[in-house]
Amino acid sequence: MTGRGPDPAKDPRVVYADIIDLPYPRSAKHPPMSLYDRAAQFAPFAALSGYDEMVGEEARLTEKQIELGESDREQLNEELTRLAKALEEGRMPRCEITRFVPDERKEGGAYVTSREEIRRVDPAARQLILNRKEGYGGSWVTVDLDRILEIRFL
């Protein structure tokens, strides 16, 4: 090297001068692939597959079940007594029930309020049997009395 600058024989602009400004060849048979599809080719090789789902699950909030105080338990028992009396009279009362539903994946759960027609009360199993079936076999939906926060007649 003589100090006059880079060697012209090694300069890429000189070496590839005959092809550097040629147009990019496009296929006549296949349309160009979108950037989204090109990126999707590499998705199976993601080093942290499942990470987004794990972060989403961890960020999902759950509540703890509220422990009822003495006065709240008395009020709930009064409503259950009223409910039992209505059932003895042959009626299926419609109620608004707020109950705790445990989360299937993590500790805690959520409070759900629904309007339901009550079929009967099972004191031995400590459950309300709703006048609604679900599942493959069509079994009656039950609510544990210990999970009920509030019952209101409609």
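Everything below is about the structure printed above this text.
Reading guide: rules and limits
- Residues numbered from 1 in each chain as written.
- Predicted model: local features only at pLDDT ≥ 70, side-chain atom pairs only at ≥ 80, totals over all residues.
- Heavy atoms only, no water.
- Helix = DSSP H or I, 4+ residues; strand = E, 2+ residues; numbered from the N terminus.
- Rg over C-alpha atoms; globule rule 2.2 N^0.38 Å.
- Buried < 20%, exposed > 50% of the residue type's maximum accessible area, 1.4 Å probe, protein only.
- Contact = heavy atoms within 4.5 Å.
- Pairing = 2+ DSSP bridges.
- Axes fitted to C-alpha atoms, helices over the stretch in contact; angles between N-to-C directions.
- Expected span 1.5 Å × (residues − 1).
- Arc of directions from axis to C-beta.

Asker: With reference to specific residues and values, describe the overall build of the chain.
Answerer: If you tally the helices and strands in the chain, you get four helices and five strands. Going residue by residue from the N terminus, the α and β elements of the chain occur as α-α-α-α-β-β-β-β-β. In terms of overall dimensions, the chain is more spread out than a globule: its C-alpha atoms have a radius of gyration of 34 Å, far above the 15 Å expected for 154 residues. Principal axes of the C-alpha set define a box for the chain whose edges measure 110 × 45 × 25 Å. Burial analysis of the chain (154 residues in total) assigns 19% to the buried set.

Asker: Residues and numbers for the environment of Ile148, please.
Answerer: Examined against the element boundaries, Ile148 turns out to sit in strand 5 (residues 148–153). By relative accessible area, which is 4% here, Ile148 ends up buried. Residues Ile148 and Phe100, spaced 48 residues apart in sequence, show a C-alpha to C-alpha distance of 6.4 Å. Not counting chain neighbours up to four residues away, the residues in contact with Ile148 comprise Leu68, Leu76, Ile97, Thr98, Arg99, Leu128 and Val143.

Asker: So, the pairing of strand 1 (residues 94–102): which residues are in play, and what are the values?
Answerer: Inspection of the sheet shows strand 1 paired to strand 2 (residues 109–122) by nine bridges, in the antiparallel sense. The residue of strand 2 that forms the bridge with Thr98 is Thr113. What sits between the antiparallel neighbours strand 1 and strand 2 is a turn of six residues, in which Gly108 has the positive phi angle 100°. Pairing geometry for strand 1 and strand 5, over five bridges, is antiparallel. Counted as the bridge partner of Thr98 is Glu150 from strand 5.

Asker: Tell me about the sheet that holds strand 4 (residues 139–144), residues and numbers included.
Answerer: Here we have five strands laid out as an open sheet, ordered 4-3-2-1-5, and antiparallel in their pairing. Either end of the sheet is taken by a strand with one partner, and the two such strands are strand 4 and strand 5. When the angles between neighbouring strand axes are averaged without regard to direction, this sheet yields 45°. Sheet topology note: the strand 3 (residues 127–134)/strand 4 ladder contains five bridges and is antiparallel.

Asker: Would you mind going over helix 4 (residues 70–88) in detail, with residue names and values included?
Answerer: Between the first and last C-alpha of helix 4 there are 27 Å, a value that for 19 residues agrees with the 27 Å anticipated at 1.5 Å per step. Along helix 4, the residues that are buried comprise Leu76, Glu79, Leu80, Leu83, Ala86 and Leu87. Buried residues of helix 4, seen end-on, are gathered within an arc of 115° and therefore sit on one face of the element. Exposed and facing more than 90 degrees away from the buried side of helix 4 are Ser71, Glu78, Thr81, Lys85 and Glu88. The inward-facing, buried residues of helix 4 abut strand 1, strand 2, strand 3 and strand 5. Positive phi appears at Gly90, one or two residues downstream of helix 4, with a value of about 90°.

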